[in-house]
Amino acid sequence: MKNDKQAMDANSSADNVEEYLQTLGNDDAREMLYYSQEQAFSSDELSSVINEARLNELLAQSDKFLKSLNGEIGDFDEDNTDSGE
């Protein structure tokens, strides 16, 4: 009985691997396989795992970083324009 279960598990794994390998050459099939494994979460589930205060802090840090980066890019463009004349 135990050997039968192991054989079924091995066949199942082999079948899964073969199915996956067949989808590698087919972009549409690979995309369907990928999205079929997605799990949708409700807004209540997401809100229970997201730390809103930390998320807002990270967003503020990213905004600050992007603003400083834009300033650096602007300075870089001005430096290149001046040296070209």
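Small disclaimer: the values here were computed from a predicted structure and weren't measured. Position labels on residues start from 1 in each chain and follow its written sequence. Local features are withheld for residues below a pLDDT of 70 in this predicted model, meaning they are given only at 70 or higher, and side-chain atom pairs are given and counted only at 80 or more; totals for whole chains, interfaces and linings count all residues. Calculated side-chain values reflect all of the structure's heavy atoms, with hydrogen atoms and water omitted.

### Description of the overall build of the chain
Next up, step 1: Scanning the chain for helices and strands turns up 4 helices and 0 strands.
Next up, step 2: Helix and strand definitions follow DSSP, with helices as H or I runs of at least four residues and strands as E runs of at least two, each counted in order from the N terminus. Taken from N to C terminus, the helices and strands of the chain fall in the order α-α-α-α.

### With respect to the pattern of salt bridges
Next up, step 1: A pairing counts as a salt bridge when a side-chain nitrogen of Lys or Arg comes within 4 Å of a carboxyl oxygen of Asp or Glu. In the structure shown here, the tally under the stated rule is 1 salt bridge.
Next up, step 2: With a closest N to O distance of 2.8 Å, R54 and E57 form a salt bridge. Residue R54 and its partner E57 are located together in helix α4 (residues 52-84), separated by 3 residues, close to a single helical turn.

### Looking at the confidence of the model for the chain
Next up, step 1: On average, residues of the chain carry a pLDDT of 76, and 75% of them reach 70 or more.
Next up, step 2: Put simply, helix α1 (residues 2-24) is where the chain has its lowest mean pLDDT, 67, and helix α3 (residues 43-49) is where it has its highest, 86. Scored from 0 to 100, pLDDT reflects the predictor's confidence in each residue.

### Structural notes on a nonpolar patch on the surface
Next up, step 1: The residues that make up patches have over 30% relative accessible area and no salt bridge, and they are joined within 9 Å when like-charged or within 5 Å when they are Val, Leu, Ile, Met, Phe, Trp or Tyr. Only the protein chains shown count as cover for residues, with accessible areas throughout obtained via the Shrake-Rupley method and a probe of 1.4 Å. Residues F41, L46, V49, I50, L55 and L59 make up a contiguous nonpolar surface patch of roughly 560 Å² in combined accessible area.
Next up, step 2: Sorting the residues of the nonpolar patch by element identifies α3 and α4 as the ones contributing at least two each.
Next up, step 3: With respect to the element layout, L59 can be found in helix α4.
Next up, step 4: A 1.4 Å probe rolled over the protein chains alone gives each residue an accessible area, and that area as a share of the maximum for its type sets the label: buried under 20%, exposed over 50%, partly exposed in between. For L59, a relative accessible area of 45% corresponds to the partly exposed category.

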